[in-house]
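# Descriptive analysis of the structure
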Amino acid sequence: MRKYLLPTLLALSFSTNLSHAASPWTGGDDLPTNPLACDATPAKVEAKAYDGGTPTNAPDRKGKPISVVDVPKLVGIGYFAATAKGISDAATELGNVKAKTDGPSKANIDDQITLIDNYITSGVDGILYAANDPVAIAPVLKKALAAGINVVGYDANSTPDSRQWFVNQAEFNGIAKATIDALAAETGEEGKFAIVTSTFTTPNQARWIAEMAAYQAKCHPKMEWLETVEAQEDNILSFNQANTLINKYGDDLKGIVGMTSVATPAAADAVTQAGKCGQVAVVGLATPNAMKPYVGAGCVKSVVLWNPVDLGYAAMHVLRSVADGTLQPGATSVKAGKLGDLKVINGSEILLGAPTVFTKDTINNFDF
Amino acid sequence: MSNLGNAPTRRTTSAHLIQSGYRRFLGDYGQEIFVLAAIVALFVCVTLVNPRFIAVNNLNTILSGNAYIAVAAIGMAMVIITGNIDVSVGALIGVLATVAGTLATSGYPVWVAWTVPILVGLSINTVIGLLVAYARIPSIVVTLGALSILRGGLISVTGGAWISNLPPSFLLAQQKLLGVPVPLVAMIILTLLAAFWMRNSAFGRSLYALGGNPEAAVASGIPAERRIVQVFAIHGMFAGLAAVLFATQLQVIQSTVPPNLELTIITAAVIGGVSILGGTGTVIGSTLATILFATIGSALIFVNVSAYWLRAVIGLLILITVLADMLRRRRRSV
Amino acid sequence: MIPKSLIRHETFLAVLLVVILAVLSFQSDKFLTVSNLLNQGRLMTEIGLVALAMTFVIATGGIDLSVGSILGLTAILLGVFWQKLGMPLPLAMTAAVAAGTFAGFVNGLIITRFNVPPLIATLGTLALYRGLAEGISQARSVRGYPEWFFILGQGAVLGIPTQLWLLLVAAVMAAVILAYTTWGRSTYAIGANETGARFSGLAVEKTKLAVYTASGLAAALAAVIFVSRVSTTRSDMGTGIELDAITAVVLGGTSIFGGRGTIVGTILGLCVIQALKNGLSLAGVTGDGTIMLIGVVLILAILASNLFEKSGSR
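Since we're looking at a predicted model, the values are computed, not measured.

### Some remarks on the overall build of chain A
Broken down by element type, chain A carries 10 helices and 14 strands. The C-alpha atoms of chain A give a radius of gyration of 22 Å, which matches the 21 Å a tight globule of 368 residues would have. C-alpha atoms of chain A, sized along the principal axes, occupy 70 × 50 × 35 Å. Of all 368 residues assigned to chain A, the portion counted as buried reaches 62%. Within chain A, counting contacts between residues at least 6 apart in sequence, those at least 24 apart form 76% of the total.

Shown next, in the form of structure tokens:
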């Protein structure tokens, strides 16, 4: 059987080189992209009609105590522990909300749908969610709306008609711009870079990669994307994949972009242990706690994210406003406690704000 | 057969003996040699495409980066040789890594943070072993239950928090022993020790006997229940060692269960020649198989196989390896 | 495989189920309502179909770890056949189910023709089929199915969820086949003593091939129902369903070594697990606690059943 390995490998290596030619970056989805301007011009905001769903016969909840369940993509990872904290902070602040976080133990659509279904049966007043898949979660959310439950999403959207509002942490093209600009600043305008992502099937990451491709082609055309590797949610696997990239490209590799809180610290550690801090830039999305050692050592200059605690906090306030009836379709802004007024975009989305960039000076102020 | 009528000469006899010994060696270690040959062939092919594949830093990535899997596979191989299985080892490693990290950041001396997980792993798996051996619950059932309990428990207790103030002296896997990275040293030494012990000690041989023919083993006086508890306990220790390597590789630890780790470990053990029917296979085989998978994973990136097809190629190669082994066994027995 | 000890385990399980239902109904008044129970039936159909087939597989002394991957592959193929190849949806559904069944058939071939132990063979095909699903789909989803397609997964017939009818029919068929047909009873013989079965003239190879093909068919049907229920396809559908199905089957009294097991037991095992998942959630226990409890129940149930057997049958 040894005889078959050699020709198989050679055949594969030749056949797959062809697929590199015309396709966009591996890991990106094929939805239309909308890259921002290369300078600091803000995006044109077009008013869009409200496209969210409506609960059927929702009881009057104004001022009354409500019970809310938060169903993130999965529990047991730091990011959603942070959003859960934001939600419970807001619930304490509001005083008339009982909020509970309960999620699947794997980022699995079936488990998440079953959980939401159970809570519909148990008669909650409101559901907050971060969807594992925008379309798969729609039927059960519509069932919730039909039962008169208020439904608000955050972090990962579903189809607009299956929820009332969606709190968006940052626009996809905004994240793309922040990341690619940070990368270009460190690698130079002709830098070659690779991407480490967790899975190709996570909708948010696929959107970010697609938007990053569009923005890079528009504003930093001389940079070169080398490849994308997938590393599940496994730290060590991400570390090994990042190392493999460093080994494969040698000095040609000038930057690595990490797409998740698992991939970015692993990539940073790979660069550190390979002794290439300063030669290979590491940029990416990650929570501060995961990146503190690397930012502190100066190996990573900046970490792009938003504040997930604020995200959860805003989502809870939005849900309360919806339940009270103070936030109606067609509104252009909503008040979210200590975050002030948040803008409504894209018809039924509420924007948290611009991405936060954590640097050496600021990263120690956060604990999530 | 042509020798039958003649008195065998000395030269013929010793040549014959050398030949049959050689063939027996090939037969005994056939799968291990096959896996080793596959690794070498892979290295040759890929280095032709990209010479950086064989550079020291890449060898280090392949060998040291996956050493923890090989270490865990040693314990798993022993369990499988006795005819049992453990699907909870991935969750156990996640839990033990969290224990190690928590101890390290709570001010305990580094050696405490390294040894307590090993003891905890031993204890948890002893309970599993007791249930399998004395309560006669099949190992797949007990470990399915253990998997759920460990995974749910870890989420309940930690919520998946990052552990990130690890003292540098804790990072064992990043250190070197006589110039060789610790994980690589650990993998080689543990594999050789375990292999030697399995082959040459009464304990080791009794494991093979239990897996191959349980009734005969018991009839010849092997304390079956005790052995099973012992083998699970040892497996727990190896899981603890693997967890320490796992926890000390990066400067941060995420307190979650690494996805699919148990499948990787089981696959490494069985592809390495450990028969799932019990009774045969060596830990050298499981370590070589771990190296083979790591090499394949790296090779596929080096030769630019489309990232979307990576897992399909790996699955196909697993099947090819298995089929080849079966054909080889069949040819032997004919 | 004497019925006496079997009936004892199934009775024990039935009692356990009643106890669980009673306790949990006290925790929440929404638990024991008709609409909730019917809804749970809807949710447990996919794993139910897989577990029914898995009972046969485990009764022959084998195992099939690739059912989750077959589910994912079938789901992806359904989308690809309908969207990329432009087949009319009913044809695409049939073709996808045929493909999934064929995947199970390939499992059977590897196990019978090449003598690869089932655990290893299905470990390999688990990786291969999942990889095929990822590669063929290129991580894209297929959505936008016509309305009538959703009746299968989201609709109801005569007040009972559509897929639940399918599960009931499948369960009755499986029970009849396993207990009353020669072919069904030969699965027990193969599991208990394969060499003996072979020498008794039973068609061992054909039976094993059929069992794994059936497992593939069950996973493929579950895939179509799942796609209809969530209205999209993803290459990671079905991950982990094999362990859930095996848990239900062994809880139901099927011996992992082969030679014993009933469909009634599997159905009871499924109900116990679903009741726990649903009831505990309604009672306010979060997901991680539920997982732990199910693990504990599994071990305790088998432990208790073993004790019963020891004290009873001597």
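More follows now that the structure is in view.
### Considering the packing of helix α2 (residues 34-43) of chain C against helix α13 (residues 263-282) of chain C
Residues and elements named next belong to chain C. Packing of α2 against α13 brings their axes to within 10 Å, and their N-to-C directions diverge by 130°. In terms of their interaxial angle, α2 and α13 are classed as oblique. Crossing of α2 over α13 shows right-handed handedness. Within the contact between the two elements, α2 uses Asn36, Gln40 and Leu43 and α13 uses Gln274, Asn278 and Leu282. Residue composition of the contact of α2 with α13, grouped by class: 2 nonpolar, 4 polar and no charged.

### Overview of the confidence of the model for chain C
Counting all residues, the mean pLDDT for chain C is 90, and 96% of those residues have values of 70 or more. The ipTM value of the predicted complex is 0.89, and its pTM value is 0.90.

### Here's the deal with the pattern of salt bridges
Applying the stated rule across the entire model yields 22 salt bridges over all chains. Between A:Asp125 and A:Arg61 there is a salt bridge whose closest N-O contact spans 3.2 Å. Pair noted here: A:Asp125 is in the loop between α3 (109-122) and β3 (126-129) and A:Arg61 is in the loop between α1 (2-17) and β1 (66-71), with a separation of 64 residues, a long-range link. The burial state of A:Asp125 is the same as that of A:Arg61; both residues are buried. For the salt bridge of A:Lys143 with A:Asp117, the shortest nitrogen-to-oxygen distance reads 3.3 Å. Taken together, the positions of A:Lys143 in helix α4 (residues 138-146) and A:Asp117 in helix α3 put the pair 26 residues apart, joining distant regions of the chain. When its relative accessible area of 34% is taken as the criterion, A:Lys143 is described as partly exposed. The class for A:Asp117 is buried, based on a relative accessible area of 5%. It is possible to trace a salt-bridge network through shared partners that takes in C:Glu194, C:Arg198, C:Glu205 and C:Lys208.

### Side note on the pairing of strand β8 (residues 255-258) of chain A
A regular strand places its side chains so that they alternate between the two faces of the sheet. Residues and elements named next belong to chain A. Burial of the side chains of β8 extends over both faces: Gly255 and Val257 are buried on one face and Ile256 and Gly258 on the other. Two strands pair when backbone bridges link them, and strand β6 (residues 192-197) and β8 are joined in this way by 4 bridges, in the parallel orientation. Bridge pairing in β8 places Ile195 opposite Val257. Pairing analysis gives 4 bridges linking β8 to strand β9 (residues 281-285), with the strands arranged parallel. Note on β9: the bridge partner recorded for Gly258 is Gly284. Chirality of the crossover, the property in question, places the unit of β8, helix α8 (residues 263-273) and β9 among those that are right-handed.

### Topic: the packing of aromatic side chains
Residues and elements named next belong to chain A. Overall, the coordinates contain 19 aromatic pairs over all chains when judged by the stated rule. Measuring from ring centre to ring centre gives 5.5 Å for Trp25 and Phe193, while their planes differ by 65°; the resulting arrangement is edge-to-face. With Trp25 in the loop between α1 and β1 and Phe193 in strand β6, this residue pair connects regions lying 168 residues apart in the sequence. The residues Trp25 and Phe193 share a single accessibility class, namely buried. By way of ring pairs, the aromatic residues Tyr79, Phe80, Phe172, Trp208 and Trp306 are connected into one cluster. Directly above the ring of Phe172 sits Arg207, whose terminal nitrogen or CZ lies 5.8 Å from the centroid. It is Lys338 that lies over the ring of Tyr313; its NZ or CZ is 4.2 Å from the centre.

### Here's the deal with the state of the cysteines
Residue and element names in this part refer to chain A. Under the defined criterion, the tally for this structure stands at 2 disulfides over all chains. Linked covalently through their sulfurs, Cys38 and Cys219 form a disulfide whose S-S length is 1.8 Å. Taking the sign of the S-S torsion, -85° for the link of Cys38 and Cys219, the bridge is left-handed. Separated by 181 residues along the polypeptide, Cys38 in the loop between α1 and β1 and Cys219 in helix α6 (residues 203-219) bring together distant segments of the chain. Residue classification places Cys38 among the partly exposed positions, given a relative accessible area of 41%. Overall, the relative accessible area of 13% leaves Cys219 in the buried class.

### Observations regarding the interface of chain A and chain B
The partner chain B presents 46 residues to the 51 residues of chain A that form the contact. For the chain A and chain B pair, buried surface summed over both sides reaches about 4400 Å², with 63% attributable to carbon and sulfur atoms. Summed over the shared surface of chain A and chain B, the result is 0 salt bridges. Across the contact surface, chain A and chain B share 14 residue pairs in polar contact (both at pLDDT 80 or more). Broken down by element, the residue count for the side of chain A that touches chain B peaks at 10 residues, all from helix α7 (residues 235-249) of chain A. Of the residues assigned to the side of chain A that touches chain B, the class counts are 19 nonpolar, 24 polar and 8 charged.

### A word on the side chain of A:Asp324
Residue and element names in this part refer to chain A. Here Asp324 lies in helix α10 (residues 308-324). Classification of Asp324 by relative accessible area gives buried; the value is 18%. A polar side-chain atom of Asp324 sits 2.7 Å from a polar atom in the side chain of Arg320. Filtering out sequence-adjacent residues up to four positions away, Asp324 remains in contact with Arg61, Lys62 and Gly63.

### A few points about the interface of chain C and chain B
Chain C puts 43 residues into the contact, and the matching count from chain B is 40 residues. Summed over both sides, the interface between chain C and chain B buries roughly 3600 Å², with carbon and sulfur atoms accounting for 79% of that surface. There are 1 salt bridge connecting chain C and chain B. Here C:Glu134 ties to B:Arg311 by a salt bridge, and the two come within 3.2 Å at their closest N and O atoms. There are 5 residue pairs in polar contact (both at pLDDT 80 or more) connecting chain C and chain B. Counting only elements with at least two residues in the side of chain C that touches chain B, the list comes to α5 (89-113), α6 (118-137), α12 (241-251) and α14 (287-313) of chain C. Here the element with the most residues in the side of chain C that touches chain B is α6(C); it accounts for 15 residues. Residue composition of the side of chain C that touches chain B, grouped by class: 27 nonpolar, 10 polar and 6 charged.

### Side note on unusual backbone geometry
Phi is positive for A:Gln232, close to 50°, though the residue is something other than glycine. Within the secondary structure, A:Gln232 is located in the loop between β7 (224-230) and α7. One non-glycine residue, C:Ala139, lies in the positive phi region at around 65°. Looking at where C:Ala139 falls in the secondary structure, it is placed in the loop between α6 and α7 (150-154). We classify C:Ala139 as buried; its relative accessible area is 19%.

### Looking at the sheet that holds strand β5 (residues 165-168) of chain A
Residues and elements named next belong to chain A. Pairing is mixed in the open sheet, where 8 strands are placed in the order β2-β1-β3-β4-β5-β13-β12-β11. Among the strands making up the open sheet, the edge pair consists of β2 (97-101) and β11 (333-335). In this sheet, neighbouring strand axes are inclined to one another by 25° on average, regardless of whether the strands run parallel or antiparallel. When strand β4 (residues 150-154) meets β5, the two strands line up parallel, connected through 3 bridges. Its bridge partner lying in β5, Tyr154 is registered against Val167. Against the sheet, helix α2 (residues 78-94) touches β1, β2, β3 and β4, its axis set at about 170° to β2. Packed on one face of the sheet, α3 meets β1, β2 and β3 and runs near 175° to β1.

### Focus: α6(C)
Because an α-helix packs 3.6 residues into every turn, residues spaced three or four apart end up facing the same way. Residue and element names in this part refer to chain C. Given a rise of 1.5 Å per residue, 20 residues ought to cover 28 Å, and the 27 Å separating the end C-alpha atoms of α6 matches this to within 8%. Along α6, 18 of the 20 residues are buried, which leaves the element largely enclosed by surrounding structure. Within two residues after α6, Gln138 carries a phi angle of roughly 50°, on the positive side.

Reading the values: the criteria
Residues numbered from 1 in each chain as written. Chains lettered and ligands numbered in written order. Predicted model: local features only at pLDDT ≥ 70, side-chain atom pairs only at ≥ 80, totals over all residues. Heavy atoms only, no water. Helix = DSSP H or I, 4+ residues; strand = E, 2+ residues; numbered from the N terminus. Rg over C-alpha atoms; globule rule 2.2 N^0.38 Å. Buried < 20%, exposed > 50% of the residue type's maximum accessible area, 1.4 Å probe, protein only. Contact = heavy atoms within 4.5 Å. Axes fitted to C-alpha atoms, helices over the stretch in contact; angles between N-to-C directions. Parallel < 35°, antiparallel > 145°, perpendicular 65-115°, else oblique. Left-handed = near helix turned anticlockwise from the far one by under 90°. Nonpolar A, V, L, I, M, F, W, Y, C, P; charged D, E, K, R; others polar. pLDDT = per-residue confidence, 0-100. Salt bridge = Lys/Arg side-chain N within 4 Å of Asp/Glu carboxyl O. Pairing = 2+ DSSP bridges. Right-handed = clockwise from strand over helix to strand, strands pointing away. Phe/Tyr/Trp six-rings, centres within 6.5 Å; stacked < 30°, edge-to-face > 60°. Lys NZ or Arg CZ within 6 Å of the ring centre and 35° of its normal. Disulfide = S-S within 2.5 Å. Buried area = accessible area lost by both parts, 1.4 Å probe. Polar contact = N/O pair within 3.5 Å; in protein donor to acceptor, adjacent residues only side chain to side chain. Expected span 1.5 Å × (residues − 1).

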